[in-house]
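Descriptive structure summary
Below are the chains, spelled out letter by letter.
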Amino acid sequence: MPDLESCLNPTRGNVICKLVSAGIVVGVAIVIACMVDSYHKIHEGYVGIYFRHGALRDKLTEPGVHFLLPFFEDYTEVKIRPETMSMDPLVAITKDGIENTFREITAITTIRRDKLVFMAKKFGMEFKKALIFDRIKEDLRIFC
């Protein structure tokens with residue numbers, strides 16, 4: 001480790017001091033980058049689900065400030081409060097050949113925290129669309 005005299009001396013010790021200083025600056029920059037990448041906030045009414053290398057983990061977090069493994073893990077916020085969602089207009093044709101257009105179909109959805117990871121693993125992150133809207137469309141087509 002270079003001492004104070006070698007850092008002030010304009011000889012070979014000055015080069016070593018510059019290299020050590022540059023190494024310290026790079027190390028501090030890497031630590032700061034890791035901290036910034038790992039810090040995240042889950043908002044009220046949401047829970048966080050985590051992915052490691054793209055694979056869904058069983059880890060859930062409540063609202064608040066959290067840290068994750070930098071560069072390896074990612075997270076997504078999922079709304080667990082009741083949510084009103086509207087569908088695009090749906091066209092259904094009856095057995096007689098009459099075309100009906102259903103507009104402004106809305107559904108109120110909510111999900112339980114203990115079932116969230118299972119639903120995301122089985123149906124994907126768009127599980128509300130797959131479970132609710134696709135079934136509404138199919139049932140309306142069958143009904144008509």
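So, a few notes on the structure that sits alongside this text. The model shown is predicted, which means the values in this text are computed figures rather than measured ones. (Residues numbered from 1 in each chain as written. Predicted model: local features only at pLDDT ≥ 70, side-chain atom pairs only at ≥ 80, totals over all residues. Heavy atoms only, no water.)

1. A few points about the nonpolar core
The tendency in soluble globular proteins is for nonpolar side chains to be buried as a group. Threshold: In this description, a nonpolar core means a group of buried Ala, Val, Leu, Ile, Met, Phe, Trp, Tyr and Cys residues linked to one another through side-chain atoms lying within 4.5 Å. Three exposure classes are used, based on accessible area relative to the maximum for each residue type with a 1.4 Å probe and protein chains only: buried under 20%, partly exposed in between, and exposed over 50%. Contacts are assigned to residue pairs with any non-hydrogen atoms lying within 4.5 Å of each other.
Membership of the largest hydrophobic core comes to 13 residues, with the highest contact counts inside it found for Ile 49, Leu 56, Val 78, Ile 111, Leu 116, Met 119 and Phe 127. Once residues lying within four places of it in the same chain are set aside, the contact partners of Met 119 are Ile 111, Gly 124, Phe 127 and Leu 131. Counting six residues, the second largest nonpolar core, distinct from the first, contains Leu 90, Ala 107, Phe 133 and Leu 140.

2. Things to note about the layout of surface pockets
Basically, it comes down to this: The definitions used throughout rest on a 1 Å grid laid over the protein atoms alone, on which a cavity is an enclosed set of points accommodating a 1.4 Å probe that cannot get out and a pocket is an open set flanked by protein within 12 Å on both sides along at least five of seven lines; lining residues are those having an atom within 4 Å of a point. Grid points are joined across faces, edges and corners, and a volume is the space filled by probe spheres set on the points. Helix and strand definitions follow DSSP, with helices as H or I runs of at least four residues and strands as E runs of at least two, each counted in order from the N terminus.
By volume, the largest pocket is sized at about 200 Å³. Lining the largest pocket are Tyr 46, Glu 77, Val 78, Lys 79, Glu 83, Met 85, Met 125, Glu 126, Phe 127, Lys 128, Lys 129 and Phe 133. Only β5 (73-79), β6 (83-86) and α4 (127-143) provide two or more residues apiece to the lining of the largest pocket. Looking at the lining of the largest pocket, the element that brings in the most residues is α4, giving four residues.

3. Observations regarding helix α3 (residues 113-123)
Spelled out, the test is: Our arc is simply the arc of the directions from the helix axis toward the C-beta atoms.
Residues Leu 116, Val 117, Met 119 and Ala 120 constitute the buried set of α3. Buried residues of α3, seen end-on, are gathered within an arc of 165 degrees and therefore sit on one face of the element. Across from the buried face of α3, at angles greater than 90 degrees, the exposed residues are Asp 114 and Lys 122. Buried positions along α3 lie against β2 (46-52), β3 (55-61), β5 and α4. Residue Gly 124 follows α3 closely and has a positive phi angle near 90 degrees.

4. Details of the sheet that holds β5
Worth spelling out the cut-off: At least two bridges found by DSSP between two strands is the condition for calling them paired. Here, axes are lines fitted to C-alpha atoms. For helices the fit covers the stretch in contact, and angles between N-to-C directions go from 0 to 180 degrees.
The sheet built from three strands is open, its strands ordered β3-β2-β5 with antiparallel pairing. Of all the strands in the sheet, the pair left with one neighbour each is β3 and β5. If you compare each strand with its neighbour and ignore which way they point, the axes differ by 30 degrees on average. Relative to β3, β2 is paired through four bridges, and the arrangement is antiparallel. Paired with Ile 49 across the bridge in β3 is Leu 60. Running over the sheet, α3 touches β2, β3 and β5 and is turned about 170 degrees from β3.

5. Description of the packing of aromatic side chains
Note the cut-off: Pairing of aromatic rings covers Phe, Tyr and the six-membered ring of Trp, with a centre-to-centre limit of 6.5 Å; geometry is then stacked below 30 degrees between planes, edge-to-face above 60, and tilted otherwise.
Scanning all chains against the criterion turns up two aromatic pairs. On the numbers, 6.3 Å between centres and 35 degrees between planes, the contact of Tyr 50 with Tyr 75 is tilted. Residue Tyr 50 is found in strand β2, and its partner Tyr 75 is found in strand β5; the two are separated by 25 residues along the sequence. Here Tyr 50 falls in the buried class, since its relative accessible area comes to 0%. For Tyr 75, a relative accessible area of 27% translates into the label partly exposed.

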